Amino acid sequence: MAPLTKTSRFHRDFGLAIRRFPFAILAAGLATAGILVGDFDRSLMKSLFNDPDDAILALVLSFFTATIMVFASSGQRLWVRVLAEGTGFLIGFSLLFWVKFGDYTVPPLFFAFVCFMSVTAGIAARQGMSGFWLANTHLILSLAACLLALGVVLAGGAIVFSVIYTLLGWHSDKLVMILGILVTFFAFPLLWLTLVASVTVKPIDVTQDDILLRAVAVLTDALLIPLMLTFGAIIHLYAIRIVFLGELPKGQIGMIVPLFLALGYGTYLLASGPHAQFVRFRRLFQRAWLASTLIPLALLTLATAIRVVTYGVTEERYWLILVIVGAVFLVMSALVRRPFDIRLVPLTGGVLALVAAIGPLSAENVTIYSQSAQAGASISSAGSNLNGTKTFKPSNSFINFSERKVIRFGPATFIDDVYLDHNSDAQNRYLDSIVYTVMFKNNVVEVVGENSTSRFDLSPLLTKYLSDTEHRPPQDDPYPAIESSDGRRGAFIVRNFSGETGPAGLSFKHVIGKIILY
């Protein structure tokens, strides 16, 4: 095999990376510094930002947005490139101030930015669909090489410091942590940028590292395409079965079909590259793929519609609706224009993920047929009848809010899915500008918000459920509702908890529940 040279796709160019990606490197450096400062002096970070973790997350996102703008402005004048990348950096960091980071915003934001990076890298290659494929293959292979290097460095460092401790007795935990953070959050992205910087200055030659492209072709033709054809055949057989039996699609279709579509379109993208090993087999897959998505899409649409009509729209069902919209759009685009433009796949995914993450049409802001609204009546009714009632078991099919969401129904406030580790740091939940701080200390859950404090003593649960394991009550008991011991009236509805026995006796490890404040 020929050695790697300057014509190789894996040639590292630190100078070019620094010139082309200064703001992306700045974002990685600031994120790394923030993590290190937070580990050694968290009070300093809190004096600068209300939520230091969100500030670091915004810097990580700004790395993506700055890189996207570098690819998008490739080939332009120097001042245009600098202005574009600086704007991208500011857009990413500004998310800290107008987006509430949570489970339903951060993952789709990352997915959207990865998709946009894919599209703009193709733009930087300036070779049409062929350049798009080569540029993205270069990005992925470079990422794989960086991950391999990261794993080797972290594993090797762990071994070296373990030997130092064993032989010399030197405790190096802090040093290991510092080096691990530096390598993971700064050296790793910097190395990746040095490998991909060449995309911004010159076209990619298909003959570069030809053996790697041939390996990708073999993997695609000999493994991925047969697996996808088998996967699709199983779904179509299931569709035939439920038609003959007169059944409705199972709820698991909501997981299976999106997985099928994601893997299928990924395989289709790989199959659009050079060096096909089984030309006719690959061509058959490419011709049949878009049409083969219609039956699975029909199953997913029917299953989603039934559950939306029955229960309402949740964030997860909203995502499924967007998956359906995106897949239908890709099929329609293939009917309008042949051959199918593979660049539409990441572009469509990025736009829909961005819509789901932020703005008035985001998953958390959906109001039409909202399942949250249907839950309101149940929560308000249960709250008004809670006096004198020691147990309350909500209907699981009606409660499904995001982890950080706080909902208000008249005078009652509902805090959903509280997961607390015993004697750990406090957590924050938000309702507009109101902050609710929740902590679990000494067997007591304390909620502070709206100028009031509620405390829920969970000690009776330890005595009842863990003190005598041989006579433990049945596990299908209704959820215990612990009323507030002092402060603002409310109830902590316990869904799950665990305990442990230590020198001081029984104590909690964690508790999961829901909080209603009146």
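Residues numbered from 1 in each chain as written. Predicted model: local features only at pLDDT ≥ 70, side-chain atom pairs only at ≥ 80, totals over all residues. Heavy atoms only, no water.

**Comments concerning a nonpolar patch on the surface**
Next, step 1: A grouping of Ile159, Val163, Leu167, Leu168, Trp170, Leu175, Leu179 and Leu182 is seen on the molecular surface, where their side chains present a nonpolar patch of about 790 Å² in accessible area.
Next, step 2: When residues of the nonpolar patch are traced back to their parent elements, those giving at least two are α7 (128-168) and α8 (173-196).
Next, step 3: With 4 residues, the top contributor of residues to the nonpolar patch is α7.
Next, step 4: Tracing the chain through its elements places Leu175 in helix α8.
Next, step 5: The exposure class of Leu175 is partly exposed, given its relative accessible area of 33%. (Patch = residues over 30% accessible without salt bridge, like charges linked within 9 Å, V, L, I, M, F, W, Y side chains within 5 Å. Areas by Shrake-Rupley, 256 points an atom, 1.4 Å probe, with all protein chains shown as cover. Salt bridge = Lys/Arg side-chain N within 4 Å of Asp/Glu carboxyl O. Helix = DSSP H or I, 4+ residues; strand = E, 2+ residues; numbered from the N terminus. Buried < 20%, exposed > 50% of the residue type's maximum accessible area, 1.4 Å probe, protein only.)

**Quick notes on the nonpolar core**
Note that soluble globular proteins tend to have their nonpolar side chains buried in a common cluster.
Next, step 1: In this structure, Phe21, Phe71, Phe101 and Leu193 are the most contacted members of the largest nonpolar core, which totals 53 residues.
Next, step 2: Of all the elements in the fold, those that place two or more residues in this core are α1 (14-20), α2 (22-40), α4 (52-72), α5 (78-98), α6 (106-125), α7, α8 and α14 (344-357).
Next, step 3: Here the element with the most residues in this core is α4; it accounts for 12 residues.
Next, step 4: Each residue touching Phe71, except ones within four places of it in the same chain, is listed here: Phe21, Met117, Thr120, Ala121, Ala124, Leu139, Val196, Val199 and Thr200. (Core = buried A, V, L, I, M, F, W, Y, C linked by side-chain atoms within 4.5 Å. Contact = heavy atoms within 4.5 Å.)

**Concerning the pairing of strand β2 (residues 412-421)**
Next, step 1: Burial of β2 is extensive: 7 of the 10 residues sit out of reach of the surface.
Next, step 2: Here β2 pairs with strand β10 (residues 505-517) via 7 bridges, running antiparallel. Bridge pairing in β10 links Phe414 to Ile516. (Pairing = 2+ DSSP bridges.)

**Looking at the sheet that holds strand β3 (residues 427-431)**
Sheet strands associate in pairs through backbone hydrogen bonding, adopting either a parallel or an antiparallel arrangement.
Next, step 1: Spatial ordering of the open sheet is given by β3-β4-β5-β6-β8, a layout of 5 strands whose pairing is antiparallel. At either margin of the open sheet sits one strand with a lone partner, and together these are β3 and β8 (486-487).
Next, step 2: With 5 bridges connecting them, strand β4 (residues 434-441) and strand β5 (residues 444-449) associate as antiparallel partners. Bridging across to β5, Thr437 finds its partner in Val448.

**Examining the packing of aromatic side chains**
Next, step 1: Tallied over the entire structure, the rule returns 15 aromatic pairs.
Next, step 2: Centroid distance Tyr268 to Phe340: 5.7 Å. Interplanar angle 80°. Geometry classified as edge-to-face. Taken together, the residues Tyr268 in helix α10 (residues 253-270) and Phe340 in the loop between α13 (315-336) and α14 connect sequence positions 72 residues apart. Judged on exposure class, the residue Tyr268 and its partner Phe340 are both buried.
Next, step 3: Put simply, the rings of Phe231, Phe260, Tyr265, Tyr268, Phe285, Trp289 and Phe340 touch in pairs and so form one group of aromatic residues.
Next, step 4: The ring of Phe40 is capped by Lys174, whose NZ or CZ atom sits 4.6 Å from the centre of that ring. (Phe/Tyr/Trp six-rings, centres within 6.5 Å; stacked < 30°, edge-to-face > 60°. Lys NZ or Arg CZ within 6 Å of the ring centre and 35° of its normal.)

**Observations concerning the confidence of the model for the chain**
Next, step 1: Scored by pLDDT, the chain comes out at a mean of 82, with 85% of its residues at no less than 70.
Next, step 2: Mean pLDDT values for the elements of the chain range from 49 in helix α15 (residues 371-384) up to 93 in α14.
Next, step 3: Taken together, the stretch residues 1-7 has pLDDT below 50 and engages in 7 contacts with residues farther than four places along the chain or on a different chain.
Next, step 4: When the criterion is pLDDT under 50, residues 377-404 qualifies, and its contacts beyond four places in sequence or with other chains add up to 64 contacts. (pLDDT = per-residue confidence, 0-100.)

**Comments concerning the pattern of salt bridges**
Next, step 1: Taken as a whole, this structure holds 6 salt bridges when the rule is applied.
Next, step 2: Two residues, Arg337 and Asp341, come together in a salt bridge whose shortest N-O distance is 3.7 Å.
Next, step 3: Two residues, Glu450 and Arg488, come together in a salt bridge whose shortest N-O distance is 2.9 Å. Within this pair, whereas Glu450 is found in the loop between β5 and β6 (452-457), its partner Arg488 is found in the loop between β8 and β9 (490-502), the two being separated by 38 residues in sequence.

**Brief notes about the environment of Ala112**
Next, step 1: Along the chain, Ala112 turns up in helix α6.
Next, step 2: In this view, Ala112 contacts Gly350, Ala353 and Leu354; residues no more than four positions away in its chain are not counted.

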